[in-house]
Amino acid sequence: MTKILKRMKGTRNKLDDVLIIGTVALDTIETPFGKVDKALGGSATYASFAASFFSKPALISVIGRDFPKAYLGLLQKRGINLKGLEMDDKTFHWEGFYEYDMNEAKTRKTELNSLERFKVDVPESHKGIKYVFLANIDPEQQLETLRQVNKPELVVIDTMNFWINNKKKPLMEAIKKADVLLLNDGEARQLFSTANLASAANSALNLGPKAVIIKKGEHGALLFTKNKHFNAPGYPLENIKDPTGCGDSFGGAFIGYLAKTKDLSERNFRKAVVYGSVVASHNAEDFGLNRLKRITIRDIEQRYSEFHDMREF
Ligand code: AMP
């Protein structure tokens, strides 16, 4: 495996704000509103894109020689630090579809490819980054990342059914070491073997995290801490084309906002959850990264104010 950034310009010297490890993927997605083949995707891609509205993300992942140069250019143009992006033979490929209930992605195919041999190697320059997002990837690599970084202030972890089914033991170890656990409702029920989300959240809090966020697709997100509970509504979108990456962009915006404000109070977590919901709602409006590529922080702030309004009574 080679570090591709030796051949790339534009690496930042300053310490970046958020370290994001996850997948960079070529996605084939079908929804009732269309289809894309080998679109740029992956948990670290969506998360970094979303975080970049607020902070400077540094990405850790692996791609293959089949990865289009234009996609690399897009990530670079966004100011995402790609020093930790390695190159192996073939890019991770995910194929999924949605039916009219767009809250649930159904997987047709997961080809791990270069992810199978991938071993995290956090560049020296990234080890002191204080905000770490362990986006959806093999939990063994999430654990390995935590072994390599120096005392982060905040560790957020996300996962999905694939890893709950295949790597539950290291996943539970990684969750114990994280400060915030992000899950969607189906995954929370599966992981903690309960139909009740409040009891799933309590089981998660008993493992170690100080906060648990359960994402409920178009119905918003729930934030549980030891003594408090907050829920953010979903944005009433009329135009949903492709929800792929909503969970990852929620997570990226959540940690990106916290890294920008450097305030880890419960109150600020609530704001971060709303920013997460705002960016995720934009993401669903078009396929792949097409929507996030086009919006600016002004669109985000505008929808954030609408969320405020929606909650006043
Ligand atoms: P979500 O935010 O949950 O919609 O995540 C969608 C992204 O997750 C897609 O771009 C996929 O490439 C990526 N993905 C799918 N399966 C996996 C997996 N097993 N591990 C990590 N990432 C995955």
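What counts as what
Residues numbered from 1 in each chain as written. Predicted model: local features only at pLDDT ≥ 70, side-chain atom pairs only at ≥ 80, totals over all residues. Heavy atoms only, no water. Salt bridge = Lys/Arg side-chain N within 4 Å of Asp/Glu carboxyl O. Helix = DSSP H or I, 4+ residues; strand = E, 2+ residues; numbered from the N terminus. Buried < 20%, exposed > 50% of the residue type's maximum accessible area, 1.4 Å probe, protein only. Near = heavy atom within 4 Å. Polar contact = N/O pair within 3.5 Å; in protein donor to acceptor, adjacent residues only side chain to side chain. Nonpolar A, V, L, I, M, F, W, Y, C, P; charged D, E, K, R; others polar. Pairing = 2+ DSSP bridges.

Draft legend 1. Layout of the pattern of salt bridges. Here the structure, examined in full by the defined rule, presents 17 salt bridges. Salt-bridge contacts for Asp89 lead to Arg117; the nearest nitrogen and oxygen are separated by 3.9 Å. With Asp89 in the loop between β6 (81-88) and β7 (92-97) and Arg117 in the loop between β8 (106-111) and β9 (131-134), this pair connects stretches of sequence that are 28 residues apart. The residue Arg291 makes a salt bridge to Glu285 at a minimum N-O spacing of 3.6 Å. Considered together, Arg291 and Glu285 belong to a single accessibility category, that of buried residues. Shared partners join several salt bridges into a network, and the residues in it are Asp88, Asp89 and Arg117.

Draft legend 2. Expanded view of the site of the ligand. Taken together, 18 residues surround the ligand, and among them Asp27, Gly42, Trp163, Gly245 and Asp248 come closest. Taking Thr23, its side chain carries an N or O atom lying 3.0 Å from a nitrogen atom of the ligand. Contact between the ligand and Asn136: a nitrogen atom at 3.4 Å from a side-chain N or O atom of the residue. Every element with two or more residues in the shell around the ligand is listed here: β3 (25-31), β7, α4 (161-166) and α8 (246-261). The element best represented in the shell around the ligand is α8, accounting for three residues. The residue inventory of the shell around the ligand, partitioned by class, reads nine nonpolar, seven polar and two charged.

Draft legend 3. Representation of the pairing of strand β12 (residues 211-215). Judged by how many residues are buried, β12 sits mostly within the fold: five of five residues are covered. Residue alternation in β12 divides its side chains into two sets, Ala211, Ile213 and Lys215 and Val212 and Ile214, and both sets are buried. Where β12 and strand β13 (residues 221-225) come together, five bridges link them in antiparallel fashion. Across the sheet, the residue bridging to Ile214 is Leu222, located in β13. Between the antiparallel neighbours β12 and β13 lie five residues, among them Gly217 with a positive phi of about 50°.

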